Structure formats: C-alpha cells, structure tokens
Amino acid sequence: MAGHGARGRSGGRPTLEEVAARAGVGRGTVSRVINGSPRVSDATRAAVEAAVAELGYVPNTAARALAANRTDAIALVVPEPETRFFAEPYFSDMLKGVGAELSETEMQLLLIFAGSDRERRRLAQYLAAHRVDGVLLVSVHADDPLPDMLSQLEIPAVISGPRSAAETLASVDSDNFGGARSAVEHLLSRGRRSIAHITGRLDVYGAQRRVDGYRAALCDAGHEVDEQLIEAGDFTEEGGRRAMAELLRRRPDLDAVFAGSDVTAAGARQVLREAGRRIPDDVALVGYDDSAIARHMEPPLTSVRQPIEEMGRAMIDLLLNEIADRRPAASRGLDRHQVVLATELVERASS
C-alpha cells in the first residue's frame with residue numbers, strides 16, 4: 001500500500017496531484033476541499049480527506065494562499081475605544097466564540113480597533129491593500145461608514161447585528177425584540193406597573209429593537225407606554241447611573257427597571273441604593289446579556305441571556321462561506337445570511 005508517513009510516489013512529500021489520483025477526483029476538487037469550499041459533495045469531501053490522511057499530505061499554506069490571492073487572515077474590527085472593549089463582557093465573550101471556531105481552521109485572527117477617525121483612515125488603507133481575506137465587524141452604529149467601505153472594497157464581511165431592517169451585509173444577531181419583551185412580561189407578571197427602560201445607544205439597531213420589545217410587551221398587556229419612563233443610555237455603567245438618576249427625578253414612583261445591558265444595570269443599581277431603594281422590594285431590576293456581572297451582583301441580577309459565544313461562532317461560519325463564495329450577496333439572496341439566535345430570560349433575585 002502507498003501512503004505511510006509523508007512520502008509520495010517520488011519519495012518526497014506527497015503532492016496535490018497524488019492526492020487527486022488517490023481520491024479519483026481532479027486537482028481542482030482537492031483544492032476546493034482543502035480550502036473549505038462548500039461546493040463539494042459530502043462523498044467527494046470524504047474521499048479527498050481519506051486520501052490526504054493515507055498519503056500524509058501537508059498543504060503548502062504560503063503557496064496556496066499566494067496562488068488563491070489569499071492571506072489566510074481575517075480581521076475582527078471593533079469601532080469602539082479600547083477602554084470599552086476591555087470593560088464590557090460582551091466583547092470578550094464574542095472574542096471567545098470567534099477564537100474557538102477559528103481554531104479549527106488555519107486562519108489567523110487580527111484584532112483591530114477603529115474607534116477614532118484616525119484609526120478608521122488607517123484601517124481603510126490597510127483593508128484596501130487586501131491584507132485580510134474577510135472582516136468581522138462588531139458593535140456597528142447606524143452611521144458607521146465601515147460596512148459600506150467593506151462593500152465597496154468587495155471584502156467578505158459579517159457584522160454582529162444589522163444596521164437596519166434593510167441590511168445588505170451578512171449579519172448574526174440575537175432576538176433583541178423577543179428578549180426585551182420577555183423581560184418586561186416577567187416584570188408585569190411580578191405585579192410591577194411603572195416599568196422604566198434604560199436603553200442602549202439608539203444608533204444601534206439592536207437597542208432600537210429592545211425598545212420596540214419593551215413597548216410591545218406593555219401594549220400587549222393593555223398598558224399605555226409612558227414616555228417619561230424611557231431614558232437613553234449607552235450600554236455603559238456611567239450611562240446607567242446618569243439615566244437612573246434622571247428617571248428617579250422624573251418618576252420617583254417607578255417600581256421596576258429594564259436596563260439595556262448588565263453593565264448599565266450595575267450603574268442603575270448604585271443610584272437606586274444611594275436613593276434608599278431596596279432591590280427588588282421597592283424596585284425590581286432586569287439586565288441584558290447574562291454576563292458574569294449579572295451572576296456576581298448583589299442581589300444576583302435577572303437578565304436576558306444572549307448566546308454571545310454562539311454568535312461569534314456563527315459569524316465565523318458565515319464569513320468562511322462568504323470567503324469561499326465571493327459572489328455579491330445580492331446575487332445569492334439574503335435569507336441564509338441574516339442569522340438571528342434565540343434569547344432566554346434567566347430569573348434571579350433582583351426581580
């Protein structure tokens with residue numbers, strides 16, 4: 001039998017042609033399998049993988065990338081200040097999911113911050129040189145120029161949450177509307193009637209959908225939406241403190257708060273305690289993300305769980321398909337490129 005160790009018929013390293021001959025397929029088919037293309041049948045993929053294993057074939061990564069005009073690298077771009085990235089569990093959980101899924105490939109991951117105009121200009125120059133095969137873009141604001149720039153450069157890209165209902169780029173998100181609605185329905189079921197909402201940044205579509213879910217839950221229960229109980233936040237702890245102080249000034253009779261993130265809820269809790277409000281006796285509190293912050297708060301925080309690590313994994317899967325199939329998204333249809341994952345309300349002592 002041929003194929004013990006890493007030697008082909010010539011006595012040197014096995015070649016792509018030898019793998020193709022062993023599998024009974026063409027050289028191009030072997031290349032597609034090795035490069036992870038989805039356009040290969042399961043039976044053909046299995047035959048090629050068996051031939052690779054039998055011959056001990058090791059791809060020449062550098063030559064393959066050069067021939068395919070690929071870099072075998074993708075960029076995770078965060079259009080936020082570095083301080084926010086390291087302060088909020090959402091980003092670390094997302095990075096964990098991305099890293100775990102990418103570890104199954106030969107791709108390298110670059111982490112790039114683009115929170116300032118200068119950083120954006122530098123990123124534009126870097127991407128224009130096609131130094132990465134694709135981009136993951138997280139925490140996208142409605143007016144962010146980066147998604148359109150990626151489209152113009154024809155760089156495969158996936159974003160964590162669409163910019164609007166008419167998003168054209170591939171995206172992965174959680175059910176923000178349903179998650180918010182479940183949080184408010186929970187508070188209503190506990191007899192709370194003056195339920196405030198501290199929003200996230202309202203130039204983020206996911207935050208807008210949470211406001212929509214909040215409103216829908218109240219309307220479905222026959223309650224009028226009181227605009228005085230909605231205060232803009234920005235997903236940060238300081239934003240939660242500012243918003244909570246304003247809500248107490250405006251509506252001191254409130255008996256529940258649904259915060260746009262766990263970090264925001266932590267800021268709101270501090271202000272409630274300083275005002276002498278007991279949680280949950282006087283004011284019930286619910287957050288969003290179900291991060292470690294929620295579990296370690298006192299009392300532990302009821303929170304809407306986003307499958308953030310799973311979202312990171314799904315983004316990688318989607319991006320690798322985009323890289324393997326570089327046709328414009330418009331020519332493929334958008335249904336399979338807008339992924340929405342379910343959320344879950346985790347009840348704890350704060351509500």
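Residues numbered from 1 in each chain as written. Predicted model: local features only at pLDDT ≥ 70, side-chain atom pairs only at ≥ 80, totals over all residues. Heavy atoms only, no water.

Brief notes about empty space enclosed by the protein
Now for step 1: Applying the stated rule across the entire model yields 2 cavities of 30 Å³ or more.
Now for step 2: What the largest cavity holds in volume is close to 320 Å³.
Now for step 3: Taken together, 25 residues make up the lining of the largest cavity; nearest its centre are Tyr90, Ser139, Val204, Arg210 and Phe235.
Now for step 4: Elements with a minimum of two residues in the lining of the largest cavity: helix H6 (89-102) and helix H10 (205-220).
Now for step 5: The dominant element in the lining of the largest cavity, judged by the number of residues it contributes, is H10, at 4 residues.
Now for step 6: Per-class residue counts for the lining of the largest cavity are 9 nonpolar, 9 polar and 7 charged.
Now for step 7: What the second largest cavity holds in volume is close to 40 Å³.
Now for step 8: Lining the second largest cavity are Glu88, Pro89, Tyr90, Ser261, Asp262, Val263, Asp289 and Ser291.
Now for step 9: Breaking the lining of the second largest cavity down by element, the ones donating at least two residues are H6 and helix H12 (262-274).
Now for step 10: A breakdown of the residues in the lining of the second largest cavity according to their chemical character gives 3 nonpolar, 2 polar and 3 charged. (1 Å grid on protein atoms, 1.4 Å probe; cavity = no way out; pocket = protein on both sides within 12 Å on 5 of 7 lines; lining within 4 Å. Points joined across faces, edges and corners; volume = space filled by probe spheres on them. Helix = DSSP H or I, 4+ residues; strand = E, 2+ residues; numbered from the N terminus. Nonpolar A, V, L, I, M, F, W, Y, C, P; charged D, E, K, R; others polar.)

Notes on the sheet that holds strand E12 (residues 344-346)
Now for step 1: Across the sheet, 6 strands lie side by side as E7-E6-E8-E9-E10-E12; this open sheet has mixed pairing. The open sheet terminates on both sides in strands that have one partner only, identified here as strand E7 (230-231) and E12.
Now for step 2: The sheet contact formed by strand E10 (residues 302-305) and E12 spans 3 bridges and is antiparallel. Across the sheet, the residue bridging to Ser303 is Val346, located in E12.
Now for step 3: Those strands touched by H12 are strand E6 (195-198), strand E8 (256-259), strand E9 (284-289) and E10, and its axis lies near 155 degrees from that of E9. (Pairing = 2+ DSSP bridges. Contact = heavy atoms within 4.5 Å. Axes fitted to C-alpha atoms, helices over the stretch in contact; angles between N-to-C directions.)

Remarks on the sheet that holds strand E2 (residues 108-113)
Now for step 1: On the basis of which strands lie adjacent, the open sheet formed by 6 strands has the order E2-E1-E3-E4-E5-E11 and parallel pairing. Unpaired on one side and paired on the other, E2 and strand E11 (338-341) mark the two borders of the sheet. Strand after strand, the sheet turns through a mean of 20 degrees between neighbouring axes, direction not considered.
Now for step 2: Bridge count between strand E1 (residues 73-78) and strand E3 (residues 134-137): 4 bridges; the pairing is parallel. Paired with Ile74 across the bridge in E3 is Gly134.

Quick look at the side chain of Ser171
Now for step 1: Structurally, the position occupied by Ser171 is in strand E5 (residues 170-174).
Now for step 2: Ser171 gets classed as buried once you look at its relative accessible area, which sits at 2%.
Now for step 3: Within the structure, Ser171 has its side chain in polar contact with the side chain of Gln338 (distance 2.6 Å). (Buried < 20%, exposed > 50% of the residue type's maximum accessible area, 1.4 Å probe, protein only. Polar contact = N/O pair within 3.5 Å; in protein donor to acceptor, adjacent residues only side chain to side chain.)

A word on the packing of helix H1 (residues 16-23) against helix H2 (residues 27-34)
Now for step 1: H2 packs onto H1 with a crossing angle of 100 degrees between their chain directions and a minimal axis gap of 8 Å. Our classification of the angle between H1 and H2 gives roughly perpendicular. From H1, Leu16, Glu17, Val19 and Ala20 reach across to H2, where they touch Arg27, Val30 and Ile34.
Now for step 2: Of the residues belonging to the contact of H1 with H2, the class tally is 5 nonpolar, no polar and 2 charged. (Parallel < 35°, antiparallel > 145°, perpendicular 65-115°, else oblique.)

Some details on the environment of Ser291
Now for step 1: Looking at where Ser291 falls in the secondary structure, it is placed in the loop between E9 and helix H13 (292-296).
Now for step 2: Owing to a relative accessible area of 4%, Ser291 belongs among the buried residues under this scheme.
Now for step 3: Linking Ser291 and Glu88, residues 203 residues apart in sequence, is a C-alpha distance of 9.1 Å.
Now for step 4: Setting aside chain neighbours within four positions, we find Ser291 in contact with Pro89 and Asp262.

Nothing here speaks to function; it is geometry throughout.
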